[in-house]
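Structural overview
One-letter residues, chain by chain:
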Amino acid sequence: MNNKSKVRVRFAPSPTGSLHIGGARTALFNWLFARHEKGTFILRIEDTDRERSTEEFTKSIMDGMKWLGFDWDEGPYHQTDRMGLYREHVDRLMKEGKAYRCYCSAEELETKRQAMLAAGQKPKYDGKCRDRKDQPEGPYTIRLKAPLTGITAIDDICRGHIEFENKELDDLIIARSDGTPTYNFTVVVDDVTMNITHVIRGDDHLNNTPRQVLIYEAFDYPVPVFAHLPMIFGADKKKLSKRHGATAVTEYQAMGYLPEAVVNYLARLGWSYKDQEIFSLEEMIEKFDLNVVGKSPSVFDTEKLGWVNGQHLAKYSDERVAEMVIPFLKGLGLEVNDIKYAAKAIASERERGRTLKELAEISAFYFRDHIDHDLNAATKWLGEKGKEVLRTLRDGLSKLPDLSEPEVAKVFEAVIAETGLKMLDVAQPVRVAMTGTTVSPGIYLVLSILGRKRVLERLDKAIAY
RNA sequence: GCUCCCAUCGUCUAGCGGCCUAGGACAUUGCCCUCUCAAGGCAAAGACCGCGGGUUCGAAUCCCGCUGGGAGCGCCA
């Protein structure tokens, strides 16, 4: 096996923000492809924008990747560590006459750009310095001497064959007047020197691709295989942004989503396998195929994410779920001392919550010292009639040494037989007394979990409401 | 404005010329279960496959045009 045939892919975020949903999906498809092909997944930090790049964001991106489970085999490489390499490449193009100095000022270029736009034309560099022979003093940028005619074509795994007319392109700047290289240039140099075989990225880069191909060709370097992934939109079909709510993967972590659920959901945005919706990480790796990825953008749907999360959550043991929920209970200011109690309590609510946070919220009543009764619930069920029921029940329950479900059931049945009330009219006041609301798991179960002491306390409090 | 990309139920998607009276999933509605709410089970509704032309015995599937949406056109990445 030679290195050339082995798949090498990279995820190359710029640390100007934390890892967001769109970036995570790009990372995911790269990672899945690498793992499926038994190739190498590389993390590269594109931090040449020194104004906006920060260490915090770099760390945050890596934390997000780790949380999602995207382990990388190489890196993180930082572009800022590779400036010498870019410099050499620029020099080489200069030496070979494939690049030239451009003395046009940023202001001058901007004016021309506006003028062309106003004239209804595509703003392109006019080639003013392309053939100038002198080398005056003063700042200059370096531009690629791109072909004026012909066609640059790419064969994209997702999009197929795409042709661009070279006359639509212009001589792009590859080095700024301060000597630093620009994005399109660094990507190519990095991808070549890192032996990247497949460039998998968002389709917002599709229009950059022919420019990059021109750079590969200027160096006579082999062009990698491209795969441009469709974007992810918000409900308004606009590119996902903060306006659409949570976009950072850390926010999903904080909302109590499981990483494998987020990954599963993201994978199904653009990719599919038969009629299957739920995949384990291993299954995704096994079944993932870039050729199957669709072309059209997809809308991010939190509802479905929630369902997927619930499906994954269902696979864990009660104990494991409790472990995961406890930090969220702490987030609500609730301390958990008895782990076995917590496991039973949370288990009783399992199918009622889709996220760990929801589970913590609906299980919270088990851990509170004092129950606040919801006004509507109390008004409806803790009237004189309800309280009478509670008093009768209290008599029965207080005689039990401990509250097992069957024993509790007997007490309820006795009360029903004695009073002629319907189960609903007995259960609801108790439910309000125990939880403060009209919604909870089966009432016998709730009582048995809470235990005699808490139950009697809560009954007393409700009776005194 | 110019260039490139995209277009199947509200949403995610299956479909790659006849198996489609277009399948599945989320969401929605109804029923069952039932002490509430869920979960689960069953069922329904929901897409004249963006529109218009072709090609073909036959098109959601191929071709062209149109419309709509998106992206790019930076000394940002």
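Everything numeric here is computed off the predicted structure, so don't read it as measured data.

Moving on to the overall build of chain A. A count of helices and strands for chain A gives 18 helices and twelve strands. In terms of overall size, chain A is more extended than a compact globule, its C-alpha atoms giving a radius of gyration of 31 Å where 465 residues would be expected to give roughly 23 Å. By residue count, 49% of the 465 residues in chain A fall in the buried class. Expressed as a percentage of contacts within chain A between residues at least 6 apart in sequence, the contacts between residues at least 24 apart total 75%. Side-chain charges of chain A comprise 67 positive and 70 negative groups, with the mean position of each set lying 1 Å from the other.

In this section: the pairing of strand E3 (residues 74–78). Alignment of strand E2 (residues 40–45) against E3, held across three bridges, turns out to be parallel. The residue of E3 that forms the bridge with Ile42 is Glu74.

Take the protein's contact with RNA strand B next. By nearness alone, 65 residues border RNA strand B, and Gly120, Arg159, Arg176, Gly270 and Arg431 come closest of all. Considering RNA strand B, the proportion of its atoms within 4 Å of the protein that are sugar or phosphate atoms stands at 70%. Taking Ser177, its side chain carries an N or O atom lying 2.8 Å from a base oxygen of RNA strand B. With respect to RNA strand B, the backbone of Thr438 contributes an N or O atom lying 3.0 Å from a sugar or linking oxygen. Looking at the surface near RNA strand B, the elements that each hand over two or more residues are helix H4 (106–118), strand E7 (160–165), strand E12 (298–299), helix H10 (302–313) and helix H17 (423–435). Broken down by element, the residue count for the surface near RNA strand B peaks at five residues, all from H17. Looking at the surface near RNA strand B residue by residue, the classes come out as 20 nonpolar, 20 polar and 25 charged.

Here we take up unusual backbone geometry. In this structure, Pro76 follows Gly75 across a cis peptide bond, with omega equal to 5°. Relative to the helices and strands, Pro76 is located in strand E3. Located in the positive-phi region is Lys38, a residue other than glycine, with phi close to 55°. By the element assignment, Lys38 lies in the loop between helix H1 (21–36) and E2.

Further remarks concern the confidence of the model for chain A. Chain-level statistics for chain A give a pLDDT mean of 94 and a share of 99% at 70 or above. In the predicted complex, the global pTM is 0.93; the interface-specific ipTM is 0.95.

Looking now at helix H11 (residues 318–331). With 14 residues, H11 should reach 20 Å at 1.5 Å per residue; the first-to-last C-alpha distance of 20 Å fits that figure. Most pronounced at Val325, the bend in H11 amounts to some 30°, and the proline Pro327 follows within four residues. Among the residues of H11, Val321, Ala322, Met324, Val325, Ile326, Phe328 and Leu329 are the ones counted as buried. Packing partners of the buried residues in H11 comprise helix H7 (249–254), H10, helix H12 (339–349) and helix H13 (356–363). Immediately downstream of H11, the backbone of Gly333 shows phi near 85°, a positive value.

On to the sheet that holds strand E5 (residues 141–144). Spatially, E4-E5-E8 is the arrangement adopted by the three strands of the open sheet, whose pairing is antiparallel. Looking at which strands have only one partner, the edges of the open sheet turn out to be strand E4 (99–102) and strand E8 (173–175). Mean inter-strand twist for the sheet, computed between neighbouring axes without regard to direction, equals 45°. Summarising the sheet, E5 and E8 pair through two bridges and their orientation is antiparallel. By the bridge assignment for E8, Arg143 is matched with Ile173.

Glancing now at the layout of surface pockets. If you add up the space inside the largest pocket, you get close to 1200 Å³. Lining the largest pocket are 42 residues, with Pro13, Ser14, His20, Asp204 and His205 positioned closest to its centre. Elements with a contribution of two residues or more to the lining of the largest pocket: strand E1 (8–11), H1, helix H5 (183–193) and strand E9 (198–202). Considered class by class, the residues forming the lining of the largest pocket number 15 nonpolar, 15 polar and twelve charged. In terms of lining residues, the second largest pocket is bounded by 22 residues, among which Leu109, Arg113, Tyr125, Arg143 and Ile173 are the most central. Those elements giving two or more residues to the lining of the second largest pocket turn out to be H4 and E5. With five residues, H4 is the single largest residue contributor to the lining of the second largest pocket.

Looking now at the environment of Leu28. Tracing the backbone shows Leu28 in helix H1. With relative accessibility at 0%, the residue Leu28 sits in the buried group. Note: C-alpha distance between Leu28 and Asn264 (236 residues apart in sequence) is 9.8 Å.

Parameters at a glance
Residues numbered from 1 in each chain as written. Chains lettered and ligands numbered in written order. Predicted model: local features only at pLDDT ≥ 70, side-chain atom pairs only at ≥ 80, totals over all residues. Heavy atoms only, no water. Helix = DSSP H or I, 4+ residues; strand = E, 2+ residues; numbered from the N terminus. Rg over C-alpha atoms; globule rule 2.2 N^0.38 Å. Buried < 20%, exposed > 50% of the residue type's maximum accessible area, 1.4 Å probe, protein only. Contact = heavy atoms within 4.5 Å. Lys, Arg positive; Asp, Glu negative; His and termini not counted. Charge placed at Lys NZ, Arg CZ, Asp CG, Glu CD. Pairing = 2+ DSSP bridges. Near = heavy atom within 4 Å. Polar contact = N/O pair within 3.5 Å; in protein donor to acceptor, adjacent residues only side chain to side chain. Nonpolar A, V, L, I, M, F, W, Y, C, P; charged D, E, K, R; others polar. pLDDT = per-residue confidence, 0-100. Expected span 1.5 Å × (residues − 1). Bend = angle between axes of the 7 residues up to and from the residue. Axes fitted to C-alpha atoms, helices over the stretch in contact; angles between N-to-C directions. 1 Å grid on protein atoms, 1.4 Å probe; cavity = no way out; pocket = protein on both sides within 12 Å on 5 of 7 lines; lining within 4 Å. Points joined across faces, edges and corners; volume = space filled by probe spheres on them.

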